[in-house]
Amino acid sequence: MTDPAFTEFRTLEELHAAAAARVLHCGREALAVRGRFHLVLAGGNTPRALYAELARRANDLEWALVDFWWGDERCVPRDHAASNFKMAWDAWLSGAGLTDARVHRIRAELELPVAAKDYESQLLTEFGAQGPAFDLVLLGLGSDGHSASLFPDLAVQPGQWVVGVSHAPKSPPERVSLSEKAFAAARNRLFLVTGEDKAQALEGIRRRTDAPGSRIAWAAPSEIYWNSGSTGV
Ligand code: 6PG
């Protein structure tokens, strides 16, 4: 078992630059070795600035060869302000010259069980019966220790690689999420954690609590990039 690797950054800008460099490094390695780069995007607000940074690095990787997946999605239409797809699309992907075949959107506008099954079948079609082997998964962390849409003490609709979440404490209540098993099966995991309000959840990972974010971070080698939100001035 490899302990999670924590890196604290003095400023948000430094964190985002390092995270972009990490995405590019994993992408170059995956494309060189396997000819594909399966990248799982995180939702919420924290990754927005990273996606904008990666949008500025249009020439640093063959983005048209990248397969984009999502770690979770809220059960809203794809053009809804709360959509994790929309956040990444507006901040980055709309200008990246991608083909639809490489954008594996969670169709969370469908009924929850149907949406979860649909995403799972996308994964099995792409990776085969052995399930997903993502090259890099980006993850956020909630102040309660949740990650993606896996919340503490919240039962999920069972699924091997994808689960349905209802009654999530963070609005909206219905979500589709990759399972802990899917996150653990990835080659690399990178958590982006910013803001004093996450300090306790971050400490929870250090202490290896049973919160989902901690379980994911400890299940397989993970990196955690942290900034308290100070601008460093
Ligand atoms: C979501 C995210 C969620 C997010 C954390 C942190 O769909 O809400 O997947 O897990 O990463 O809640 O959110 P912020 O980055 O907005 O603080």
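Refer to the structure presented above.
The notes below deal with the structure included here. Keep in mind that this is a model prediction, so the values were computed, not measured. (Residues numbered from 1 in each chain as written. Predicted model: local features only at pLDDT ≥ 70, side-chain atom pairs only at ≥ 80, totals over all residues. Heavy atoms only, no water.)

## Describing the nonpolar core
Core analysis: the largest hydrophobic core is formed by 71 residues, its most contacted members being F37, L39, L41, W63, F68, W70 and L138. With nine residues, helix 1 (residues 12-34) is the single largest residue contributor to this core. The contact partners of L138, leaving out residues within four places of it in the chain, are V23, L39, V40, L41, A42, L50, Y51 and L190. (Core = buried A, V, L, I, M, F, W, Y, C linked by side-chain atoms within 4.5 Å. Buried < 20%, exposed > 50% of the residue type's maximum accessible area, 1.4 Å probe, protein only. Helix = DSSP H or I, 4+ residues; strand = E, 2+ residues; numbered from the N terminus. Contact = heavy atoms within 4.5 Å.)

## A few points about the site of the ligand
As a structural note, the neighbourhood of the ligand is formed by 15 residues, with T46, H146, A148, K170 and K198 the closest of them. Between an oxygen atom of the ligand and a main-chain N or O atom of N45, the distance comes to 2.8 Å. In this structure, an oxygen atom belonging to the ligand sits 2.6 Å away from a side-chain N or O atom of H146. When the free accessible area of the ligand is taken as 420 Å², the share hidden by the protein chains comes to 92%. A class-by-class count of the residues in the shell around the ligand yields two nonpolar, eight polar and five charged. (Near = heavy atom within 4 Å. Polar contact = N/O pair within 3.5 Å; in protein donor to acceptor, adjacent residues only side chain to side chain. Areas by Shrake-Rupley, 256 points an atom, 1.4 Å probe, with all protein chains shown as cover. Nonpolar A, V, L, I, M, F, W, Y, C, P; charged D, E, K, R; others polar.)

## Some details on the pairing of strand 8 (residues 189-194)
With six of six residues buried, strand 8 lies mostly within the body of the structure. In this structure, strand 5 (residues 136-139) lies alongside strand 8, joined through three bridges in parallel fashion. Looking at strand 8, one finds that L139 is bridged to F191. As judged from the six bridges shared by strand 8 and strand 9 (residues 222-227), these two strands associate in the parallel manner. (Pairing = 2+ DSSP bridges.)

Remember, this is a structural readout, not a statement about activity or role.
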